[in-house]
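The chain contents come next:
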Amino acid sequence: MSVMSDPEVVEKNYFPIREIARRTGVHPVTLRAWERRYGLLKPMRTSKGHRLYSEEEVEQIEKVLQCLARGVSIGQVRNLLAREQDKLGLPATTGDGKNNWQAMLDETSSLLRDFAEPQLRRRLDQWFSSFPAALLLEHWLKPLHVRLERFRLPEAHGAQIFFWPLLKEQLLLANGMARKNLDKDKSQAKPRVLLLEIGVQGQQAFIQMFIAVLLAAGIEVITLTYPAGLLELGSTVKKLGAQGVLCYSHKALPKNILERELPSAVQGMTDPLWLAGDFIEVQRLALADLNQLPLTRVLAGNTESAVTQLRESFKL
């Protein structure tokens, strides 16, 4: 393990793990797992043992992200990059011809059919630490939701009742740790958003996964539960020191919320209202009046792109 003195750190432009996490959107826990468990990163260390990353390490992280997005198994990434095949046009496959995301979906479905709670909890812990939340949301959770909705088994309903609360519980625990780690970082002021938690059926797990994405990007999140959160929304933003309100939903929202309640609540606000999630595309017409408000900002449908837009608005 190479150790650097503090003057060398300044001279050679090495960065601490918190800065790399902000730049790449990959949580420090995941960066450490990529280093220890998979040998994907080789950061330098200060005399006190703190990790330091170079621009080359940042490029390596981006390559790992590209591989994971294509469906490459985290365990296969190192050999793939070593062979300089990170620009393959097709996703890497497992031995049976499936890419890694498909294999994860199949494993999750199998564990749910068997109601294998301990094994499922262990796998969720492993996946949460090994994959960025944005990739999990796009390539695992969204397709899994579609798959579960199409289950034709007698026990399908019971499997969903079992799964969604368990997933939400695991995400709440993970996000609690992420918040504590974010609070420990006193290096600079962090942007803060108020996230409206609208209780559409099956929505809570998606909200917690999106919160995990925001926390990994260095954005503080305070949730406001609908409908109480709509009361005096503008003053609440000011009192909590937030930079705006974020309305995220994977599912379509009731029309009365989009056409009456939300537009009424944001009248007079002087901070942005961001809209994010799959509901935007399926409810374009219902959003017409809301979109005409001067501070409304519609973010990209893709999770990573949406968070990039948020970070740019905060000048991160």
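Just above sits the structure.
No experiment lies behind these values; they were computed from the predicted model shown. (Residues numbered from 1 in each chain as written. Predicted model: local features only at pLDDT ≥ 70, side-chain atom pairs only at ≥ 80, totals over all residues. Heavy atoms only, no water.)

K.L.:
Provide a residue-level description of the packing of helix α6 (residues 100-113) against helix α7 (residues 117-130), including the pertinent values.
P.N.:
With their axes 10 Å apart at the nearest point, α6 and α7 run at an angle of 155 degrees to one another. What the angle tells us is that α6 and α7 run roughly antiparallel. In this structure, the crossing between α6 and α7 has a hand that is left-handed. Residues Met104, Glu107, Thr108, Leu111 and Leu112 of α6 pack against Gln119, Leu120, Arg123 and Trp127 of α7. Residues of the contact of α6 with α7, tallied by class, amount to five nonpolar, two polar and two charged. (Axes fitted to C-alpha atoms, helices over the stretch in contact; angles between N-to-C directions. Helix = DSSP H or I, 4+ residues; strand = E, 2+ residues; numbered from the N terminus. Parallel < 35°, antiparallel > 145°, perpendicular 65-115°, else oblique. Left-handed = near helix turned anticlockwise from the far one by under 90°. Contact = heavy atoms within 4.5 Å. Nonpolar A, V, L, I, M, F, W, Y, C, P; charged D, E, K, R; others polar.)

K.L.:
Residues and numbers for the pairing of strand β5 (residues 192-197), please.
P.N.:
Across a regular strand the side chains alternate sides, sitting on one face of the sheet and then on the other. For β5, the tally of buried residues reaches five of six residues, placing the bulk of the element in the interior. Pairing geometry for β5 and strand β6 (residues 220-225), over six bridges, is parallel. Each residue of the ladder has a partner; that of Val193, found in β6, is Val221. With three bridges connecting them, β5 and strand β7 (residues 245-248) associate as parallel partners. Each residue of the ladder has a partner; that of Leu194, found in β7, is Val245. (Buried < 20%, exposed > 50% of the residue type's maximum accessible area, 1.4 Å probe, protein only. Pairing = 2+ DSSP bridges.)

K.L.:
Account for the nonpolar core, naming residues and giving values.
P.N.:
Of all hydrophobic cores here, the largest spans 72 residues; its most connected members are Trp34, Trp140, Leu167 and Leu214. The element best represented in this core is helix α10 (residues 204-216), accounting for 10 residues. Ignoring anything within four residues of it in the chain, the contact list for Trp140 reads Trp101, Met104, Leu105, Thr108, Leu124, Trp127, Leu135, Phe163, Leu167 and Met209. In this structure, Leu230, Ile280, Ala286 and Leu290 belong to the second largest nonpolar core, which totals 26 residues. (Core = buried A, V, L, I, M, F, W, Y, C linked by side-chain atoms within 4.5 Å.)

K.L.:
Could you give me a rundown of the pattern of salt bridges, with the residues and numbers involved?
P.N.:
Scanning the entire structure with this criterion turns up 16 salt bridges. One salt bridge connects Arg18 with Asp185, and the closest N-O pair in it is separated by 3.3 Å. Here Arg18 is found in helix α2 (residues 17-24), whereas its partner Asp185 is found in the loop between α9 (156-184) and β5, with 167 residues between them in sequence. The partly exposed category is assigned to Arg18, whose relative accessible area is 39%. (Salt bridge = Lys/Arg side-chain N within 4 Å of Asp/Glu carboxyl O.)

K.L.:
Any details on the layout of surface pockets? Residues and values, ideally.
P.N.:
The volume enclosed by the largest pocket comes to roughly 430 Å³. For the largest pocket, the lining is made up of 22 residues, of which Val29, Phe128, Ser129, Ala174 and Asn175 are closest to its centre. When contributions to the lining of the largest pocket are tallied by element, the ones reaching two or more residues are α3 (28-36), α7, α8 (133-149), α9 and α10. A per-class count over the lining of the largest pocket returns 15 nonpolar, six polar and one charged. Counted as a void, the second largest pocket has a volume near 350 Å³. For the lining of the second largest pocket, the secondary structure elements donating two or more residues are α2, α4 (55-70), α8, α10 and α15 (303-313). For the lining of the second largest pocket, the element with the highest residue contribution is α15, accounting for five residues. When grouped by side-chain class, the residues that make up the lining of the second largest pocket number 11 nonpolar, three polar and six charged. (1 Å grid on protein atoms, 1.4 Å probe; cavity = no way out; pocket = protein on both sides within 12 Å on 5 of 7 lines; lining within 4 Å. Points joined across faces, edges and corners; volume = space filled by probe spheres on them.)

K.L.:
Tell me what's going on with the packing of aromatic side chains, and back it up with residues and numbers.
P.N.:
Under the definition given, this model contains eight aromatic pairs. Among the aromatic residues, those joined into a ring-pair cluster are Trp127, Trp140, Phe163, Trp164 and Phe206. Between Arg23 and the ring centre of Phe15, over which it is positioned, the NZ or CZ distance is 5.4 Å. (Phe/Tyr/Trp six-rings, centres within 6.5 Å; stacked < 30°, edge-to-face > 60°. Lys NZ or Arg CZ within 6 Å of the ring centre and 35° of its normal.)

K.L.:
Which residues make up α8, and what values go with them?
P.N.:
Its maximal kink placed at Leu141, α8 deviates by approximately 30 degrees, while the proline Pro143 follows within four residues. Most of α8 sits inside the fold, with 12 of its 17 residues counted as buried. Those residues of α8 lying buried are Ala133, Ala134, Leu135, Leu136, Leu137, Glu138, Trp140, Leu141, Lys142, Leu144, His145 and Leu148. (Bend = angle between axes of the 7 residues up to and from the residue.)

K.L.:
Lay out the pairing of β7 with the relevant residues and their values.
P.N.:
Here β7 shows two buried faces, one formed by Val245 and Cys247 and the other by Leu246 and Tyr248. Alignment of β7 against strand β8 (residues 273-276), held across four bridges, turns out to be parallel. Residue Cys247 lies in a different strand from β8, and its bridge partner there is Leu275. In this view, the connection linking β7 to its parallel neighbour β8 by way of helix α12 (residues 255-266) has right-handed handedness. (Right-handed = clockwise from strand over helix to strand, strands pointing away.)

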